[in-house]
Every structure is written in C-alpha cells, then in structure tokens.
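Architecture and fold: a report
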Amino acid sequence: MNKPLHPSIAEGLAPASPHTAWEAEYRASIPDERPIENVSGIPIQPLYTPRDWPQYGAQDPLSYPGQPDYTRGIYATMHRGRTWTQRQLVGLGTPADYNARLLGLIDHGATAVSLIPCNSVYRGYDMSSVDAELLGTCGVVINNTEHMQRSLQGVDVGEVSCAMNDPSPFTLLAFMLIAAERSGTDWKRITGTSNQSDYLSHFVANHMFYRLSLAGSRRVLLDHIAWCKQHVPRWNPMSVVGQHMQQAGATPAEAMAFTLCTAIQNAEDCIARGMAPDDFLPRFTFFFDISLNFFEEVAKFRAGRRIWSRVARERLGAKDPRSARFKFHGQTSGVDLTRQQPLNNIARVTVQAMAGIFGGLQSLHTDAYDEALATPSEFGARIAVATQNILREEAHLTDVIDPLGGSFYVETLTDQMEEKILSLIALVDEAGGMFKAVESGLVQRMIGASAQRFQQRIESGEQVVVGVNAYQVEEDASARPFIERPEPAVMQRHLDDFAAWKAARSTAEVDKALDHLSRTADDPQANLFAAVVDGARAGLTHEEICARLRRDLGFGQPLIVV
C-alpha cells in the first residue's frame with residue numbers, strides 16, 4: 001500500500017511559482033546587474049506584479065476621475081471631454097513682431113496666449129535703460145499699456161485665455177487690464193493666469209525674476225490675490241511654480257514637494273489675512289517642468305494631485321470641491337534639450353509631452369527643438385505646436401482617461417513618490433514652513449546637492465545623453481538652425497517712439513502716480529496692486545513702477561547657496 005509523501009518531501013517536489021521561476025531565470029541571466037534608481041532616488045525593480053501594489057484586488061482600488069482623491073484626474077471627462085489648452089510661450093522683438101508671431105501660432109492651433117517679455121522686463125527695467133542690442137532677443141519689449149495694446153491687437157482677451165509671465169508687482173497684467181478697459185472689455189470676462197506670481201520659487205531658483213524683497217513680495221502677492229478676486233474674478237492670480245526648482249536641479253519628488261509647500265505657505269498667508277480658503281483656492285494653479293523621466297513624471301503628477309486633494313480639505317479647511325482640484329500647466333523641460341544634434345530635441349519634447357498628458361495636465365507648452373540655441377524660431381515653434389496636434393489627433397492619446405492607471409508599476413511608483421514627497425513636506429514643516437525654509441537656505445542646499453548628483457551621473461556616463469556623452473557625430477556648425485534676432489532698425493524705432501511718448505507725458509501726473517504708489521506702500525491696510533493698476537492707467541512705465549516699489553519695499557536680493 002502506497003504511503004503519502006512526508007510534507008517536506010512533497011514541498012521539495014512541488015513546481016516553483018511562476019514568479020519564483022521567472023526571478024531565478026532573470027538573476028541567472030543578469031548575475032551582476034547594478035541597482036537602478038530613478039532621479040528621485042526610488043529603486044526601480046525589473047518587474048512589477050500584484051504583490052507590489054497593496055490595493056490590488058480591492059473593490060475600486062482607485063478613485064474615479066473627478067472624485068477625491070483625484071489620482072486619476074480632476075475632471076470626470078478629462079481629455080476625452082476637453083483636451084488640454086495649447087498655451088505656447090512666445091515672445092520676440094517689438095510688440096508688432098510679437099503680435100505677428102502670436103496670430104500665426106493661433107492659426108496653427110494654439111488656443112491661448114502666453115506672453116514672454118524681454119529679459120530686460122524681467123529684471124525690472126525699461127528699454128531705455130538697456131543696451132539696444134540686448135533688447136527683444138529673449139522676449140517682447142513691453143514697457144507700457146500702449147505696448148500691450150499692440151502686442152494683443154486682434155486678440156479678444158474677453159474670449160482668449162491669456163497667461164502673463166509677469167513677476168511681482170505684476171505690471172504686465174496691469175497694462176493688459178488698462179488695454180482691455182480702453183477697448184471696452186469687461187474685466188469680469190477676462191480669463192488667464194499670472195504665470196510668474198510665485199516669488200518664493202524666484203528667490204530660490206530664478207533670480208532674474210526676483211525684483212522685490214521677500215517681505216515686499218509677500219505683501220504684493222497677497223494684495224494681488226485679494227484684488228483679482230474682487231475685480232477680475234475669472235483670473236488665476238496664483239501660479240505655484242515647480243518648474244524653476246526642477247530646472248535648477250531638484251528631483252521630480254523635490255520639485256513637487258517644494259511646490260506644494262509653497263502653495264501651503266501662500267494659502268496660510270491668505271487665511272491669516274482673513275480670506276476664506278474657498279474664496280481663493282479655486283483660483284490657485286500650478287506650473288511644472290516635465291522631464292524625460294517618463295514614468296517618474298507621470299507618478300509625480302498623480303501623487304501631487306492626490307496629496308493636494310487632502311491638504312486642501314484636511315489642512316487648509318476647504319469645503320468646495322473646486323478648492324481641492326490640482327490644476328496644472330506643464331512645460332516640456334528645456335534643461336533636457338541639447339545644442340548638439342538639435343533635431344533630436346523633437347523626440348525628447350514628444351516624450352516629455354506624453355508624460356504630461358498621461359499625468360493629467362490642463363495646459364501644455366511644448367518647447368521648440370531649437371530652444372537650446374536661442375529664442376525659438378517661427379519654424380521651430382510650428383513644429384512644437386504640431387507635436388501636440390499629432391499626439392491628440394493622430395496618436396489618439398485623448399481616447400482613454402488615465403490610460404496608465406492600474407499598471408502595477410505606475411501605481412506602485414505613484415505610492416512611492418507620494419511617500420517621498422510627504423517626507424520632504426514634513427522636513428519643510430519642521431523648518432517652520434516654506435518662507436523660513438528658503439530664507440534659511442535649506443531648500444537651496446537640497447536642490448544644489450541633487451543638481452550635483454545628477455551632473456556627476458552625466459559626467460561618469462551613468463546617465464547617457466545622446467549626442468553629448470554618447471553617440472556623438474561630427475557636426476557642421478553652419479547647419480544649425482538660424483538664430484533670429486530683432487531687426488536693429490525696427491528696435492531703434494521702438495526706442496524712439498517710447499522716448500517720444502515719455503516726453504509727451506505730464507510730469508505732474510507721473511509724479512502724482514508715483515507718490516500714490518509710495519503712500520500705498522506705507523499703508524499696510526491699502527492694496528498695493530490696486531495702486532499698480534492705477535499707475536498703469538496714469539501712464540507709468542514698467543521700470544517706474546518697479547523702481548519705486550524697490551525703493552519703498554526693498555530690492556530683491558536672492559540667497560545664493562554654494
């Protein structure tokens with residue numbers, strides 16, 4: 001009579017599980033495989049299975065689109081109902097040059113305005129204070145309301161959403177509002193965003209945009225938010241920017257964490273000023289870099305959306321579902337673009353754009369392939385717009401909402417990114433919040449360390465950059481894209497017209513408007529942005545407004561940590 005096998009013997013004869021068998025074969029095939037980490041420092045496994053995602057098998061393991069915690073998107077229909085806004089950044093030369101470029105991009109599919117001013121404007125100066133050969137090479141030269149009117153000629157700002165890349169004290173928005181007032185456009189119809197309202201990100205990582213002292217910038221921002229809510233209710237006065245910090249070297253997890261910390265800081269500042277969360281949070285938007293780390297970026301956005309949903313409701317006390325919606329604009333990362341073999345940048349931008357789309361963005365700018373060399377050419381900008389059209393119309397990326405949702409890898413990575421982001425938020429909280437964390441240099445030191453680690457990966461060859469440290473080819477420099485420059489004679493006429501316009505103004509009216517700015521700055525109960533709008537209406541120039549507020553509130557001196 002046959003006796004049953006002893007259990008230990010039976011176990012030894014049992015076939016290995018499919019996972020164990022695969023793992024054994026994998027390890028035998030790659031015995032000396034080096035560990036792989038993503039940029040945020042999360043170990044990456046060769047394969048992800050149900051055992052890696054604890055929620056697998058649960059009923060409705062993920063929220064539905066449009067429902068908290070918004071992991072799968074902030075709207076029920078997402079891109080299947082309404083695709084992202086194509087918001088191409090554009091700026092070059094004089095207002096007339098800009099207008100021609102803008103209208104051409106709209107004809108080719110752009111659906112919104114995103115105005116980039118000249119670097120002289122970013123630094124707070126009028127064209128008359130800058131060497132002529134530098135003007136208009138990186139953006140449009142706008143110094144007064146008349147320039148804004150010419151820049152937006154033919155665009156109904158009551159119908160077309162406008163993004164003003166306009167740091168504090170937000171003179172470009174003031175010029176646009178007075179231009180709209182002159183044309184009879186009701187401010188309550190105007191939609192768009194103050195794209196560069198995040199003074200903390202400028203203090204940390206974009207020093208050219210940092211015009212006023214920390215305390216002064218803080219006050220102007222809060223006045224800006226309060227004023228826009230009352231007078232331009234469809235405008236988004238707060239764009240919390242993660243782009244600058246990621247381009248300065250922050251990992252995707254750090255960029256998301258520091259951006260959320262900035263949003264928390266600004267929200268708590270608004271609450272301290274007596275504003276109710278549901279009065280201002282629905283108009284908070286976010287602005288992110290999209291790097292080439294495809295899955296890491298997708299997970300970054302999904303995790304960030306989930307965290308903000310909880311922060312808005314549980315920490316800030318919001319009740320309105322709109323307050324918990326994580327609305328964000330994505331821009332493909334110029335840091336990833338190379339001067340070498342620039343046509344390769346078209347492929348890079350396509351991958352970045354796909355990561356943003358799968359990550360659930362609301363608006364998108366795709367870089368031109370020649371942006372690593374100079375201001376994008378008209379030819380390059382058309383390709384960038386067409387890239388979005390192809391992804392939407394030909395690749396059908398809008399057919400399914402959150403198409404990567406449920407992937408063992410993506411869900412596991414989203415959970416891991418969430419954990420990493422939350423740990424960084426806790427670190428900033430321990431430092432006293434984002435204002436104190438940047439004032440002390442904590443955030444700058446962390447970003448600097450991450451930037452150094454990534455650069456070392458490139459220099460060692462661990463991180464391959466095609467055309468830079470691998471796959472190089474001999475290139476003819478003359479074959480590189482033509483770099484457009486403003487026509488000197490046209491720019492000189494712009495300078496001459498501006499000088500004539502200034503000379504024709506009433507000196508008494510200018511002095512009166514500047515004095516009003518100073519009196520408002522001295523009165524903590526008065527609204528400074530209202531005075532900036534009044535100054536634009538009175539004919540003050542960009543530099544006149546910035547210079548007076550720098551005098552009264554303090555010049556912006558960033559903290560540089562080496």
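Cut-offs and rules
- Residues numbered from 1 in each chain as written.
- Predicted model: local features only at pLDDT ≥ 70, side-chain atom pairs only at ≥ 80, totals over all residues.
- Heavy atoms only, no water.
- Pairing = 2+ DSSP bridges.
- Helix = DSSP H or I, 4+ residues; strand = E, 2+ residues; numbered from the N terminus.
- Expected span 1.5 Å × (residues − 1).
- Buried < 20%, exposed > 50% of the residue type's maximum accessible area, 1.4 Å probe, protein only.
- Contact = heavy atoms within 4.5 Å.
- Axes fitted to C-alpha atoms, helices over the stretch in contact; angles between N-to-C directions.
- Parallel < 35°, antiparallel > 145°, perpendicular 65-115°, else oblique.
- Left-handed = near helix turned anticlockwise from the far one by under 90°.
- 1 Å grid on protein atoms, 1.4 Å probe; cavity = no way out; pocket = protein on both sides within 12 Å on 5 of 7 lines; lining within 4 Å.
- Points joined across faces, edges and corners; volume = space filled by probe spheres on them.
- Nonpolar A, V, L, I, M, F, W, Y, C, P; charged D, E, K, R; others polar.
- Core = buried A, V, L, I, M, F, W, Y, C linked by side-chain atoms within 4.5 Å.

Taking strand neighbours across the sheet as the criterion, the 5 strands line up as β2-β3-β4-β5-β6 in an open arrangement whose pairing is parallel. Edge positions in the sheet fall to β2 (89-90) and β6 (235-236), since each has one partner strand and no second. Pairing geometry for strand β5 (residues 192-194) and β6, over 2 bridges, is parallel. Within β6, the position partnered with T193 by the bridge is N236.

Our focus in this paragraph is helix α18 (residues 442-460). Residues three or four positions apart in an α-helix share a direction because the helix packs 3.6 residues into each turn. A rise of 1.5 Å per residue sets the reference length of α18, with its 19 residues, at 27 Å; its end C-alpha atoms lie 28 Å apart and thus fit the reference within 8%. Buried within α18 we find L442, V443, Q444, M446, I447, S450, R457 and I458. Where α18 is buried, its residues touch α8 (199-205), α10 (243-247), α11 (252-272), α16 (408-430) and α17 (434-439).

Packing of helix α14 (residues 344-358) against helix α15 (residues 378-393) leaves a shortest axis separation of 10 Å and a crossing angle of 45 degrees. By the angle between their directions, the pair α14 and α15 is classed as oblique. For α14 against α15, the interelement crossing comes out right-handed. On α15, the residues touching I346, T350, A353, M354 and I357 of α14 are I383, T387 and L391.

Time to look at the sheet that holds strand β7 (residues 238-241). With respect to topology, 5 strands assemble into an open sheet ordered β1-β10-β9-β8-β7, the strand pairing being parallel. At either margin of the open sheet sits one strand with a lone partner, and together these are β1 (85-86) and β7. As paired elements, β7 and strand β8 (residues 284-290) share 4 bridges and run parallel to each other. Its bridge partner being in β8, V241 is matched across the sheet by F287.

Further remarks concern the layout of surface pockets. If you add up the space inside the largest pocket, you get close to 1,000 Å³. What lines the largest pocket is a set of 42 residues, among which Y75, R82, N236, R283 and K327 lie closest to the centre. If you trace the second largest pocket, you find 33 residues lining it, with L89, I116, C138, Q331 and E371 closest to the centre. Of all the elements, α10 adds the most residues to the lining of the second largest pocket, at 3 residues. Of the residues belonging to the lining of the second largest pocket, the class tally is 16 nonpolar, 14 polar and 3 charged.

This part covers helix α4 (residues 95-107). For α4, which comprises 13 residues, the first-to-last C-alpha distance of 18 Å matches the rise-based estimate of 18 Å (1.5 Å per residue) to within 8%. Of the residues making up α4, those classed as buried are P95, Y98, N99, R101, L102, G104 and L105. Its buried side turned inward, α4 meets β2, β3 (113-115), α6 (145-151), α15 and α19 (488-504). Just downstream of α4 lies G109, where phi reads positive at about 125 degrees.

Attention shifts here to the nonpolar core. If you look at soluble globular proteins, the nonpolar side chains tend to sit buried side by side. Core analysis: the largest hydrophobic core is formed by 123 residues, its most contacted members being W308 and I421. Residue contributions to this core peak at 11 residues, all from α11. Beyond its immediate chain neighbours, meaning those up to four positions away, W308 contacts L260, A263, I264, L281, F286, L316, S323, A324, R325 and F326. Counting residues in hydrophobic clusters, the runner-up holds 8 residues, among them C118, V121, L135 and M491.

This part covers empty space enclosed by the protein. The method is simple in principle: a probe with the dimensions of a water molecule rolls over the atoms, and the space it marks as empty is what remains. Applying the stated criterion across every chain yields a total of 3 cavities of 30 Å³ or more. Taken as a whole, the largest cavity encloses approximately 90 Å³ of empty space. In this structure, the largest cavity is lined by 14 residues; those nearest its centre are H79, I357, G360, I401 and D402. Of all the secondary structure elements, the ones that give two or more residues to the lining of the largest cavity are α3 (78-81) and α14. Across the lining of the largest cavity, the residue classes tally to 7 nonpolar, 4 polar and 3 charged. There is about 60 Å³ of room inside the second largest cavity. Taken together, the residues that form the lining of the second largest cavity break down as 5 nonpolar, 5 polar and 2 charged.

Interpretation in functional terms is not warranted from these geometric data alone.
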